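Below, each chain spelled out in residue letters.
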Amino acid sequence: MSFFLSHFNYIAVAILMMAGLFVLFSSGNLIKRMIGLAIFQTSTGLFYISLAKVFGGTAAIAVEPGSSEARELASRLDPAYVAQYGVDGVVYSNPLPHVLILTAIVVGVATLAVGLAIAVRVREAFGSVEADEIDVLSRVEATQPGPQA
Amino acid sequence: MDSVLSWIGGGFVVAGVALSLLGAIGVLRFPDFYTRIHAASITDTGGASLVLLGLCLIAGLTLTTLKLVFVWVFVMLTTPVAANALANAAFSSGHKPRIGTFQIVRTDERRKTPRGPDAP
Amino acid sequence: MTALPSSFDVTLALDIVLLVMLLVVAGAVARTRSLLAAIIMFSVYSLISAVWLVVMDAPDVAFTEAVVGAGVSTIILLGAILLTRGEAERPDWRRLIAPALACIAVGGLLVFAAIGLPGLGDAASPANAYVGRAYLEATPKDIGMPNVVTAVLSSYRSFDTLGETTVIFAAGVGVALMLGFGPRASLAPPSAVIGDHHVVPRVAAKLLIPLVALFAFYVQFHGDLGAGGGFQAGVIMAAAIILHALVFGLRETMAAIPPRVARSLASLGVLLYAGIGVICMMNGGGFLDYDYLFPPSVEQQIPGWLLGDSEHAHHWGQHFGIMLIELGVLLTVSATMVTIFYGFGGRTVEAARQEAKQ
């Protein structure tokens with residue numbers, strides 16, 4: 001397997017991450033920025049899961065040792081490889097990054113909601129979600145204080 | 001016997017994938033919204049049904065088959081309703097289907113409908 | 001890389017195809033000006049990455065990504081553009097140069113750093129050969145449940161998960177404080193005659209909502225045997241409630257599940273989770289050490305045949321502890337998602353104007 005193929009995932013994840021970062025930096029629209037942030041966040045998860053993959057591994061749900069399923073999974077692989085890296089005769093992928101990303105996804109949607117709620121309030125206060133317009137409006141407000149200020 | 005069934009199942013899966021591809025091309029090529037929904041729902045129902053049928057044949061009589069049947073029932077319950085809801089929403093917001101002969105125009109003259117203020 | 005299994009070729013092909021699809025979709029999101037299109041494409045992005053996660057042997061994560069990314073976050077984003085606007089301004093191209101250069105620089109550094117990483121699927125890499133393997137080997141002895149992801153999530157790293165649950169709860173509180181707990185102005189009253197337009201979705205929703213709720217409970221209680229758990233089940237349950245609100249109107253849903261109940265359930269979930277930890281401490285263990293969940297007097301009452309042999313011991317404390325904290329996660333996640341939805345759905349433009357007048 002060539003070096004490019006074995007590292008393709010990392011390169012792809014880096015490009016995805018930069019696509020998210022580019023949207024986050026370049027767009028003036030607050031909602032669009034939140035979408036960029038979400039892409040950035042998801043691609044971080046993809047990176048972790050890429051690291052957790054093991055050759056010929058199966059999902060980290062224990063197969064009964066010695067069952068027909070375990071034998072079938074082991075028969076696809078080299079016995080020496082299974083003996084070295086398998087647990088009870090079955091090769092599994094690494095469960096730990098799965099745990100980290102599983103919770104991160106749900107926390108991600110909760111924080112996305114907080115960001116969007118802020119955007120909604122900004123729109124109600126300034127009538128816009130474009131960063132440039134908000135900038136202009138807030139300067140106007142600073143020079144002409146409102147009635148109750 | 002098993003290998004024969006899995007070959008037939010594989011054939012069904014390929015047929016389903018081909019149907020999905022046709023549906024995708026249809027979504028891109030059809031002239032107006034309503035014909036495009038028609039193409040998309042063929043992907044959802046026809047394509048998915050054939051793929052699931054093929055997978056059932058490959059899996060044989062196991063618990064997996066039962067799960068696949070449940071998936072099929074779920075797909076059959078949801079996707080026609082989604083297509084119906086889409087067409088309904090388009091029609092009630094005043095989107096007229098194109099009737100008669102038509103020619104491909106470069107820019108679609110899409111009417112911008114104002115957003116309703118209080119739909120959830 | 002001596003023993004290259006033949007099945008890996010298929011995995012690698014799928015992996016590359018799906019990643020290329022993700023790249024295309026991400027590029028389309030960056031290009032489009034319409035926010036609606038960007039949101040739908042982000043939903044597609046989530047769905048493709050869920051498929052990719054299944055290829056990468058992470059069904060639990062794929063489940064979560066499919067429900068959260070393609071379901072709930074799409075609805076929240078749609079609610080947000082409804083309250084703001086649907087089109088983004090196209091920035092001047094000169095404004096794009098600096099971000100593009102920064103991204104190219106950072107991306108180049110990342111690719112440069114990735115050269116030193118172990119290749120995809122390397123079983124001998126430190127992360128896979130030591131930490132991951134240790135969890136895989138210890139779980140059957142310590143906890144005795146097949147799904148190692150659930151075991152690590154809710155037992156070994158339960159303190160971490162408590163933190164995550166609290167963050168979700170705090171985010172729900174934050175959204176509710178900013179957007180309100182429900183409708184401020186009176187929502188449009190439901191018309192006396194149900195319109196002909198919505199008969200089909202209503203009938204289908206009546207069939208579907210109980211099924212979706214049942215499926216959520218299956219995911220919840222099957223989580224220690226297969227893919228699933230409190231996070232996924234919580235979001236699926238919230239999706240069932242949100243579907244009800246979308247089809248029958250927010251008013252009907254709020255009559256069934258008042259915002260006050262949703263709020264209380266969200267805090268009850270965190271309380272249940274932390275309470276289990278305190279009970280373990282009271283029985284002489286560490287915080288969230290489920291082996292001490294039952295006091296010794298109860299442990300002695302368990303008959304010997306239920307304990308299993310010493311090789312495959314039945315860990316009753318672990319089983320009940322994980323079940324209870326997963327229930328806490330379910331309550332918090334589902335109730336928080338519903339609260340967030342109420343916040344976005346209940347805030348009409350008129351309500352905001354009315355609030356500004358006062």
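Note that the coordinates shown come from a computational prediction; the quantities given were computed from them, not determined experimentally.

### Things to note about the nonpolar core
Turning to step 1, where the next piece is worked out: Membership of the largest hydrophobic core comes to 121 residues, with the highest contact counts inside it found for Leu116(A), Tyr45(C) and Phe344(C).
Turning to step 2, where the next piece is worked out: A per-element tally of this core places helix 6 (residues 95–126) of chain A first, with 15 residues.
Turning to step 3, where the next piece is worked out: Discounting residues that sit within four places of it in the chain, Phe344(C) has contacts with Ala113(A), Leu116(A), Ala117(A), Val120(A), Ile76(C), Gly79(C), Ala80(C), Leu83(C), Val175(C) and Leu179(C).
Turning to step 4, where the next piece is worked out: Counting seven residues, the second largest nonpolar core, distinct from the first, contains Leu77(A), Tyr81(A), Val91(A) and Ala123(C).

### Here we look at the pattern of salt bridges
Turning to step 1, where the next piece is worked out: A full pass over the atoms with the stated rule returns six salt bridges over all chains.
Turning to step 2, where the next piece is worked out: One salt bridge connects Arg95(C) with Asp132(A), and the closest N-O pair in it is separated by 3.3 Å. Residue Arg95(C) is found in the loop between helix 3 (59–83) and helix 4 (97–114), and its partner Asp132(A) is found in helix 7 (residues 131–143); the two belong to separate chains.
Turning to step 3, where the next piece is worked out: A relative accessible area of 43% means that Asp132(A) is categorised as partly exposed.

### As for unusual backbone geometry
Turning to step 1, where the next piece is worked out: A positive phi angle, near 55 degrees, is found at Asp88(A), a position not held by glycine.
Turning to step 2, where the next piece is worked out: Summarising the element assignment, Asp88(A) is placed in the loop between helix 5 (79–85) and helix 6.
Turning to step 3, where the next piece is worked out: Residues other than glycine seldom take positive phi values, yet Asp57(C) does so here, at roughly 65 degrees.
Turning to step 4, where the next piece is worked out: Examined against the element boundaries, Asp57(C) turns out to sit in the loop between helix 2 (35–55) and helix 3.
Turning to step 5, where the next piece is worked out: Residue class for Asp57(C) comes out buried when judged on its relative accessible area of 10%.

### Things to note about the interface of chain A and chain C
Turning to step 1, where the next piece is worked out: Listed by partner, the interface residues are 85 residues for chain A and 103 residues for chain C.
Turning to step 2, where the next piece is worked out: With both sides pooled, the region where chain A packs onto chain C buries about 8500 Å², and carbon together with sulfur makes up 77% of that total.
Turning to step 3, where the next piece is worked out: Contact with chain C buries area across many residues of chain A, yet Lys53(A), Phe55(A) and Leu102(A) alone supply 9% of it, more than any other trio.
Turning to step 4, where the next piece is worked out: Run the count over chain A and chain C and you get two salt bridges.
Turning to step 5, where the next piece is worked out: Broken down by secondary-structure element, the contributors of at least two residues to the side of chain A that touches chain C are helix 1 (3–6), helix 2 (8–26), helix 3 (30–52), helix 5, helix 6 and helix 7 of chain A.
Turning to step 6, where the next piece is worked out: Sorting elements by how many residues they give to the side of chain A that touches chain C places helix 6 of chain A first, with 25 residues.
Turning to step 7, where the next piece is worked out: Here the side of chain A that touches chain C is composed, by residue class, of 57 nonpolar, 18 polar and ten charged.

### Overview of the confidence of the model for chain B
All names here are of chain B.
Turning to step 1, where the next piece is worked out: This prediction gives chain B a mean pLDDT of 81; 82% of its residues lie at or above 70.
Turning to step 2, where the next piece is worked out: Least confident of the elements in chain B is helix 3 (residues 63–92), whose mean pLDDT is 88; most confident is helix 1 (residues 2–29), at 90.
Turning to step 3, where the next piece is worked out: When the criterion is pLDDT under 50, residues 108–120 qualifies, and its contacts beyond four places in sequence or with other chains add up to 19 contacts.
Turning to step 4, where the next piece is worked out: The complex prediction reports pTM at 0.87, with the ipTM value standing at 0.90.

### A short note on the side chain of Thr336(C)
Turning to step 1, where the next piece is worked out: For Thr336(C), the location among the structural elements is in helix 14 (residues 316–346).
Turning to step 2, where the next piece is worked out: Apart from residues no more than four positions distant in its own chain, Thr336(C) is found in contact with Ile168(C), Phe169(C), Gly172(C) and Ala266(C).

### Points about the packing of aromatic side chains
Turning to step 1, where the next piece is worked out: In total, this model carries 13 aromatic pairs over all chains according to the counting rule given.
Turning to step 2, where the next piece is worked out: Summarising the aromatic geometry, the rings of Phe159(C) and Phe287(C) are spaced 5.7 Å apart at their centres and angled 85 degrees between planes, so their arrangement reads as edge-to-face. Note that Phe159(C) is positioned in helix 7 (residues 158–179) and Phe287(C) in the loop between helix 11 (259–282) and helix 12 (296–301), a separation of 128 residues in sequence.
Turning to step 3, where the next piece is worked out: Ring centres of Phe294(C) and Phe320(C) lie 5.7 Å apart, and the angle between their planes is 70 degrees; this geometry places the pair in the edge-to-face category. Placement of the pair is Phe294(C) in the loop between helix 11 and helix 12 and Phe320(C) in helix 14, with a sequence separation of 26 residues.
Turning to step 4, where the next piece is worked out: Following the ring pairs from residue to residue traces out a cluster consisting of Tyr10(A), Phe47(A) and Tyr48(A).

Rules used throughout
Residues numbered from 1 in each chain as written. Chains lettered and ligands numbered in written order. Predicted model: local features only at pLDDT ≥ 70, side-chain atom pairs only at ≥ 80, totals over all residues. Heavy atoms only, no water. Core = buried A, V, L, I, M, F, W, Y, C linked by side-chain atoms within 4.5 Å. Buried < 20%, exposed > 50% of the residue type's maximum accessible area, 1.4 Å probe, protein only. Helix = DSSP H or I, 4+ residues; strand = E, 2+ residues; numbered from the N terminus. Contact = heavy atoms within 4.5 Å. Salt bridge = Lys/Arg side-chain N within 4 Å of Asp/Glu carboxyl O. Buried area = accessible area lost by both parts, 1.4 Å probe. Nonpolar A, V, L, I, M, F, W, Y, C, P; charged D, E, K, R; others polar. pLDDT = per-residue confidence, 0-100. Phe/Tyr/Trp six-rings, centres within 6.5 Å; stacked < 30°, edge-to-face > 60°.

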